[in-house]
Amino acid sequence: MTHRATLGAGTLVAACVAVCVAEVTIALPTVLNGLFQEDFGATGSQVAWITDAALLPVTVLALTFGAVGDLFGRRRLLVGGALLLVVGHVITASSGNIGLLWTGRAVAGIGAAALFPTSLAMIANGTHTGRDRARGITVWAASLAAGAALAPVIAGISAAGGSWRWAVVVVAILSAVSAVVSRVWAGDSRAPEGRSLDWAGQVTVAVGLFALLYAVIQGPTDGWGSTGVVVAFVVAVVFLGLFVRAELRTATPLLRLELFTNRAFTVSAFATVVGMFSFVATAYSTSIRLGPVLHSSPLVTALAFVLLNGIVLVVAPVTSRVVERANPRWVLGAGLFLTGVGDLWASTVSIDATSLGTVAGPLLLVGIGFGLTVTSISAVAVNTVPVGLAGMASGATSMVRDFGFTLGPAVIG
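Residues numbered from 1 in each chain as written. Predicted model: local features only at pLDDT ≥ 70, side-chain atom pairs only at ≥ 80, totals over all residues. Heavy atoms only, no water.

The next subject is the environment of Leu213. Positionally, Leu213 belongs in helix 8 (residues 199–222). On the accessibility criterion, Leu213 (1% relative accessible area) is buried. Residues contacting Leu213, with those up to four places away along its chain left out, are Leu56, Thr59, Phe403, Thr406 and Leu407. (Helix = DSSP H or I, 4+ residues; strand = E, 2+ residues; numbered from the N terminus. Buried < 20%, exposed > 50% of the residue type's maximum accessible area, 1.4 Å probe, protein only. Contact = heavy atoms within 4.5 Å.)

Here you go:
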């Protein structure tokens, strides 16, 4: 039986803290890429893998954790995900080589994979009107943006002291706090009807997505015609095809493919990939521009990301009203349009321009566009499906969102 309850303040706080810490984890390398290159002698593709080592499990496991939360309860998933973040950050902070650094990031990524869809599903489950859901999702999206803004501040202060490791330790502490908050304050919810672990679906989608992302990440380095990249693309096509077949044949699929017969849901999914790729590509290219290219101080780089993500928090009250009252397609279109204008503006700025002011305008536009985009797509994804499928819709939204996130550093790197 689906367990629905009114969204309590404690549950909202726990969900928002969880998504904030998860996003801090993903965004942490933005200011530290230059230091990673210096400490480990990393190449461009190796630096990209520092970010993508965390993003890959987030993308691959989003659907799985959506099902696990529905079946076994979302509160324990919030707690478990936060504890995995702690373990991953401890490994990362103690790493002495690039391989161990990737390992720590991957473990943390598994924890983040549990937190993103679970936190959104808890808000969707606890809100019963369009108005309340719009407000809840706006707060959730603002918390995600807060994490993206907080990460470079933590990293910048740490890096200014000459060590990136203390930044990771701080995030490990925040992750532990998130686990405690979720355990003490969060209410529980689940929706087990029609849900199962669907092992065939989990294995095929995980292998397919991993192979696809590996090919995209390694293609520029190894060559698009290289054996490894071609084989990865073939494996991706085969296993994603097997995933579709498995979902059509089971009575309790990991992802109900009929969700994509809903035009709003399908358009939202496509726009999510495009919008998130654009945003993270902007962030990653800004990181490379200010760090390895211009050798700006970590604090200057951090300030750039405060502008990019902090503006989302500033306009959050307006975003909530707009999403509540306007047609979501217009909100989504406006968000993507502002992102495009900001990126085109940034492309005209000379690489020799060292002043932060030269990129402040473009970053603010992209940040406002991101706020409108992520709020509207999340609202569409959970508002257009039955409440019993909120976990599945949240998992699918997290999967396509993080697929777009993963493509950013992969392609730009």
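Between the first and last C-alpha of helix 8 there are 32 Å, a value that for 24 residues agrees with the 34 Å anticipated at 1.5 Å per step. The principal kink in helix 8, of about 30°, is found at Val216, preceding the proline Pro220 by one to four residues. A positive phi of about 100° marks Gly223, the residue just after helix 8. (Expected span 1.5 Å × (residues − 1). Bend = angle between axes of the 7 residues up to and from the residue.)

Relative to the helices and strands, Thr138 is located in helix 6 (residues 130–160). Not counting the four nearest positions on each side in its chain, Thr138 is found in contact with Ala316, Ser320 and Thr375.

As for its position among the elements, Ala18 is in helix 1 (residues 9–27). Expressed as a C-alpha distance, the spacing of Ala18 and Ala211, which sit 193 residues apart in the sequence, is 28 Å. Each residue touching Ala18, except ones within four places of it in the same chain, is listed here: Leu78, Leu115 and Ser178.

Turning to a nonpolar patch on the surface, a few remarks are in order. Together, Val13, Val180, Val184 and Trp185 make up an exposed nonpolar region whose accessible area comes to about 400 Å². Sorting elements by how many residues they give to the nonpolar patch places helix 7 (residues 165–185) first, with three residues. In this fold, Val180 is placed in helix 7. (Patch = residues over 30% accessible without salt bridge, like charges linked within 9 Å, V, L, I, M, F, W, Y side chains within 5 Å. Areas by Shrake-Rupley, 256 points an atom, 1.4 Å probe, with all protein chains shown as cover. Salt bridge = Lys/Arg side-chain N within 4 Å of Asp/Glu carboxyl O.)

Time to look at helix 5 (residues 98–126). Between its first and last C-alpha atoms helix 5 spans 42 Å; for 29 residues at 1.5 Å apiece the expected length is 42 Å, and the two agree. When you tally the buried positions in helix 5, you get 23 out of 29 residues, the bulk of the element. Between the side-chain oxygen of the N-cap and the backbone nitrogen of Gly99 there are 3.1 Å, and the N-cap of helix 5 in question is Asn97. (Polar contact = N/O pair within 3.5 Å; in protein donor to acceptor, adjacent residues only side chain to side chain.)

In this section: the packing of helix 10 (residues 263–293) against helix 13 (residues 328–347). Packing of helix 10 against helix 13 brings their axes to within 11 Å, and their N-to-C directions diverge by 30°. Our classification of the angle between helix 10 and helix 13 gives roughly parallel. Helix 10 and helix 13 meet at a crossing whose hand is left-handed. Residues Ala271, Gly275, Ser278 and Thr282 of helix 10 touch helix 13, and the partners they reach there are Leu332, Leu336, Thr339 and Asp343. (Axes fitted to C-alpha atoms, helices over the stretch in contact; angles between N-to-C directions. Parallel < 35°, antiparallel > 145°, perpendicular 65-115°, else oblique. Left-handed = near helix turned anticlockwise from the far one by under 90°.)

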